Amino acid sequence: MMSALALLLAAPLAQAERVKDLASVAGVRGNPLVGYGLVVGLDGTGDQSSQAPFTTQTLRNMLTQLGVTIPQNVNPQLKNVAAVAIHAELPAFAKPGQKLDITVSSIGNAKSLRGGSLLMAPLKGADGQVYAIAQGNLVVGGFGASGLDGSRISVNIPSAGRIPGGAMVERSVANGFASKSEVLLNLHTPDFTTATRLAGGVNDLLGDQTARAMDAVTVAVRAPADPDMRVAFLSVLENLDVEPGDAPARVVVNSRTGTVVIGSHVRVHPAAVTHGSLTVTIREDAQVSQPAPFGDGNTAIVADSGISIEEESNRMFLFDSGATLEAIVGAVNRVGAAPGDLVAILEALKTAGALRAELVII
């Protein structure tokens, strides 16, 4: 049975939004970084060396670089060390010396990273180059405890944590922001109407032929060649108010949670709908059959089956031509339809051709 129903009614009149909320500048984006390292100083909650041999191998390599050699026949039992994966995002225009927040996650069988410290680890980009160096003390929001009998309790996730400002940028990423003659604005939601209005708004502010809509996503804007003026130019541009186009008529149904979102432009053509369910209940009771005194029979268990059928008597309701969202919700609520019933009604209306909207099942 689906558990929840959410009906979101969009405002009938669209409101103007800033360009910075509708679009992003092409090429101005972050870059993911990933790394591998060791967390030390754990209170016996680290990796088990027999099941995570790469932790011991990493420690050997690190100690060798520091001038410490561990004999090959010695296998350290590391309870206070854990191998971890590190990831972060390098923001656009990040410069060497700036700090980044990083997330540290165990990749072995460590029970908890609470109280640990990450040793110096390089963070690499998709091209294999090192862009930041990570190190610091972890902040872990989870907590775990275990008993000798194998019982264990965990609150949140103790095997992952964060280090605010735990990485320092060592290399910046070049971009073509200042080299191109045009600035490309990419809409977050593709829409021809919004792209046209955005280009028209820029032309009204800065003059004709300044902006042009290339497609439903991209609007090209001529920008000053001077990089200093370009920054001020984009500052004015991103605060321009533009009225976005209306969203298409769409009904979104989450079949796992029972969430139903119906847009304000959804309409229903004339249709009569009735929805009911048939409930069949089968009950099995066991009874003991006892033979008569001095009889030759044996005691036996006899099954007593009871079957009952109940059918809901829901009323039929009628949708008039062009029924709005309020009419749809009101009619469904009057018959007491559950979230799962509403999904079935919407699917039936779509199949019958009465629902004038796109039905999206996620």
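For the structure, check the block above.
Now for a description of the structure that goes with this document. (Residues numbered from 1 in each chain as written. Predicted model: local features only at pLDDT ≥ 70, side-chain atom pairs only at ≥ 80, totals over all residues. Heavy atoms only, no water.)

## Some words on the side chain of Thr218
Phase 1: Turning to its location among the elements, Thr218 is positioned in strand β13 (residues 218-222).
Phase 2: At a separation of 2.9 Å, a polar atom in the side chain of Thr218 contacts the side chain of Asn186.
Phase 3: Non-local contacts of Thr218, meaning those with residues more than four positions away in its chain, are made with Leu184, Leu185, Asn186, Arg212 and Ala213. (Helix = DSSP H or I, 4+ residues; strand = E, 2+ residues; numbered from the N terminus. Polar contact = N/O pair within 3.5 Å; in protein donor to acceptor, adjacent residues only side chain to side chain. Contact = heavy atoms within 4.5 Å.)

## Looking at the sheet that holds strand β11 (residues 182-187)
Phase 1: With respect to topology, four strands assemble into an open sheet ordered β2-β11-β13-β12, the strand pairing being antiparallel. Of all strands in the sheet, those bounded by a partner on one side alone are β2 (23-25) and β12 (211-213). The sheet shows a mean angle of 25 degrees between the axes of neighbouring strands, taken without regard to direction.
Phase 2: The strands that helix α3 (residues 192-206) touches are β11, β12 and β13; relative to β12, the one it contacts most, it runs at about 170 degrees. (Pairing = 2+ DSSP bridges. Axes fitted to C-alpha atoms, helices over the stretch in contact; angles between N-to-C directions.)

## Brief notes about the pairing of strand β3 (residues 31-40)
Phase 1: In this sheet, strand β4 (residues 82-90) lies alongside β3 in antiparallel orientation, the contact comprising nine bridges. Among the inter-strand pairings, Leu38 is bridged to a residue of β4, identified as Ala83.
Phase 2: Pairing of β3 with strand β6 (residues 117-124) involves four bridges; the strand directions are antiparallel. Residue pairing across strands places Gly35 opposite Leu123, the latter belonging to β6.

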